[in-house]
Amino acid sequence: MIILLLEILLILLSPVVHIILNIMHIYGRVRISIALITIICLVAGLLLPLLASYIDILNLPPGTRCATGSVGFAVIGTFLTLVSIPISAIVFYIIAYYRKRKAGTLAKTIQ
């Protein structure tokens, strides 16, 4: 059971970290650009599901002849990464653009 939770955590880790780091970037807590955050999380999101599949294959009982279910972790995790990270990157680019634009117009009105 703990192994399954670890594998699910590995699959969900990259999209969640991507959202958290982008929120921190918007509020000025992280100085890394949104593009670099997206690239790092995409690479991690492609590697971590493979690690989850590998962990699951290692924990199969002896004599198991088929590991198709274990490979599902890699497929599901990769699909989740390839869908969620680009969508959230676009959303956070739009939010950052409008926050920057609003701050620029606010600075002009103060002067």
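In case you missed it, the structure is sitting above this.
A few points on the structure. Since the structure is predicted, the reported quantities are computational estimates derived from the model, not experimental observations.

So, how was this worked out
Residues numbered from 1 in each chain as written. Predicted model: local features only at pLDDT ≥ 70, side-chain atom pairs only at ≥ 80, totals over all residues. Heavy atoms only, no water. Axes fitted to C-alpha atoms, helices over the stretch in contact; angles between N-to-C directions. Helix = DSSP H or I, 4+ residues; strand = E, 2+ residues; numbered from the N terminus. Parallel < 35°, antiparallel > 145°, perpendicular 65-115°, else oblique. Contact = heavy atoms within 4.5 Å. Nonpolar A, V, L, I, M, F, W, Y, C, P; charged D, E, K, R; others polar. Patch = residues over 30% accessible without salt bridge, like charges linked within 9 Å, V, L, I, M, F, W, Y side chains within 5 Å. Areas by Shrake-Rupley, 256 points an atom, 1.4 Å probe, with all protein chains shown as cover. Salt bridge = Lys/Arg side-chain N within 4 Å of Asp/Glu carboxyl O. Core = buried A, V, L, I, M, F, W, Y, C linked by side-chain atoms within 4.5 Å. Buried < 20%, exposed > 50% of the residue type's maximum accessible area, 1.4 Å probe, protein only. Expected span 1.5 Å × (residues − 1). Phe/Tyr/Trp six-rings, centres within 6.5 Å; stacked < 30°, edge-to-face > 60°.

## What to know about the packing of helix 1 (residues 2-26) against helix 2 (residues 34-58)
Between helix 1 and helix 2, the shortest axis-to-axis distance is 8 Å and the interhelical angle comes to 175 degrees. Here helix 1 is positioned roughly antiparallel relative to helix 2, judged by the angle of their axes. Counted together, Ile3, Leu6, Glu7, Leu10, Ile11, Leu13, Ser14, Val17, His18, Leu21, Asn22 and His25 of helix 1 and Ile34, Ile37, Thr38, Cys41, Ala44, Gly45, Leu48, Leu51, Ala52, Ile55 and Asp56 of helix 2 form the full contact between these two elements. Looking at the contact of helix 1 with helix 2, its residues break down into 15 nonpolar, 6 polar and 2 charged.

## A word on a nonpolar patch on the surface
Among the surface-exposed residues, Met1, Leu4, Leu5, Ile8, Leu12, Val16, Ile20 and Met24 lie close enough to one another that they form a single nonpolar patch of about 740 Å² accessible area. By the secondary structure assignment, valine 16 is in helix 1.

## Details of the nonpolar core
If you look at the biggest cluster of nonpolar residues, it comprises 6 residues: Leu10, Ile11, Leu48, Ala52, Ile55 and Phe73. Looking at this core element by element, the count peaks at 3 residues for helix 2. Contacts of leucine 48, omitting those with residues within four sequence positions, involve Leu10 and Leu13.

## Remarks on helix 2
Under the 1.5 Å per step criterion, the end-to-end length of helix 2 is 36 Å for 25 residues, consistent within 8% with the ideal 36 Å. Listing the buried residues of helix 2 in full gives Ile34, Ile37, Thr38, Cys41, Gly45, Leu48, Pro49, Ala52, Ser53, Ile55 and Asp56.

## A short note on the environment of histidine 25
Note that histidine 25 resides in helix 1. It is 9.3 Å that separates the C-alpha atoms of histidine 25 and isoleucine 37, two residues lying 12 residues apart in sequence. Residues within four places of histidine 25 in sequence aside, it is in contact with Val30, Ile32, Ser33, Ile34 and Ile37.

## Re the packing of aromatic side chains
Any pair of aromatic rings gets described here by the distance separating the centres and the angle formed by the planes. Applying the stated criterion to the full structure yields 1 aromatic pair. Measuring from centroid to centroid gives 5.2 Å for tyrosine 97 and tyrosine 98, while their planes differ by 75 degrees, and the two rings are edge-to-face.

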